Amino acid sequence: MYSHAVTYRVCYADTDQMGYVYYGNYARLFEIARVETLRSLGVSYKDLEDQQIGLPVYENYSKFLAPAYYDELLTIECTLLSLPQVRIQFSYRILNSKQELIHEGKTTLVFMDMKRQKMVKAPYYLLEVLKPYF
């Protein structure tokens, strides 16, 4: 298992008329966390794209436990529970500024050869970086 946490300050544009983080913005928070999680391993989305490997979202799940508010500093914990194969699954926990769990989620992405538009196995170098954690 590999975990990484990032912080994010809620800006006004993230909120709805009730002052809560708009539900659709949680997918963006997930993206921020997973990009930074891969970056913490020395793997960037840009490097993958330069090698013609895309990571389209296959599934996205959110469970709302409590709202997040404007100007709140959130902690987004992102975890890889297993070594990727053709798919890679990220699990998320979002904590508010009081370190209370307010949101849980999962996202599954697939590795895709962008030229052929076909799913492929996870790149060897990503697996090598992750192996020590599993």
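Before reading further, recall that the structure is shown in the block above.
Scope of this entry: the structure provided in the associated data block. Keep in mind that this is a model prediction, so the values were computed, not measured.

Cut-offs and rules
- Residues numbered from 1 in each chain as written.
- Predicted model: local features only at pLDDT ≥ 70, side-chain atom pairs only at ≥ 80, totals over all residues.
- Heavy atoms only, no water.
- Core = buried A, V, L, I, M, F, W, Y, C linked by side-chain atoms within 4.5 Å.
- Buried < 20%, exposed > 50% of the residue type's maximum accessible area, 1.4 Å probe, protein only.
- Helix = DSSP H or I, 4+ residues; strand = E, 2+ residues; numbered from the N terminus.
- Contact = heavy atoms within 4.5 Å.
- Pairing = 2+ DSSP bridges.
- Patch = residues over 30% accessible without salt bridge, like charges linked within 9 Å, V, L, I, M, F, W, Y side chains within 5 Å.
- Areas by Shrake-Rupley, 256 points an atom, 1.4 Å probe, with all protein chains shown as cover.
- Salt bridge = Lys/Arg side-chain N within 4 Å of Asp/Glu carboxyl O.
- Phe/Tyr/Trp six-rings, centres within 6.5 Å; stacked < 30°, edge-to-face > 60°.

Bringing the nonpolar core into the picture now. L55, I88, F90 and I94 are the most contacted members of the largest nonpolar core, which totals 32 residues. Of all elements in the fold, only β1 (2–9), α1 (25–40), α2 (45–50), β4 (73–80), β5 (87–95), β6 (101–110) and α3 (124–130) reach the threshold of two or more residues within this core. It is α1 that contributes the most residues to this core, 6 residues altogether. Residues contacting I94, with those up to four places away along its chain left out, are Y26, L29, F30, L74, T75, I76, E100, L101, I102 and H103.

For the rest of this paragraph, the subject is the sheet that holds strand β2 (residues 53–54). If you walk across this open sheet you meet the 3 strands as β2-β7-β8, and the pairing is antiparallel. The open sheet has two edge strands with one neighbour each: β2 and β8 (118–119). Bridge count for strand β7 (residues 112–113) against β8 is 2 bridges, and the pairing is antiparallel. Bridging across to β8, M112 finds its partner in M119.

A cluster of nonpolar side chains, namely M1, L81, L83, Y133 and F134, defines an oily patch on the protein surface of about 480 Å² accessible area. One can find L83 in the loop between β4 and β5.

A complete count under the given rule lists 6 aromatic pairs for this structure. Residues Y20 and Y69 carry aromatic rings whose centres are separated by 5.6 Å and whose planes lie at 75° to one another, so their mutual orientation is edge-to-face. Residue Y20 is found in the loop between β1 and α1, and its partner Y69 is found in the loop between β3 (57–64) and β4; the two are separated by 49 residues along the sequence. A relative accessible area of 32% means that Y20 is categorised as partly exposed. A residue is classified by how much of its surface remains accessible, and Y69, at 39% relative accessible area, is partly exposed. A ring pair is formed by F30 and Y92, whose centres lie 4.1 Å apart and whose planes are at 0°; its orientation type is stacked. Remark: Y92 occurs in strand β5 and F30 occurs in helix α1; sequence separation between them is 62 residues.

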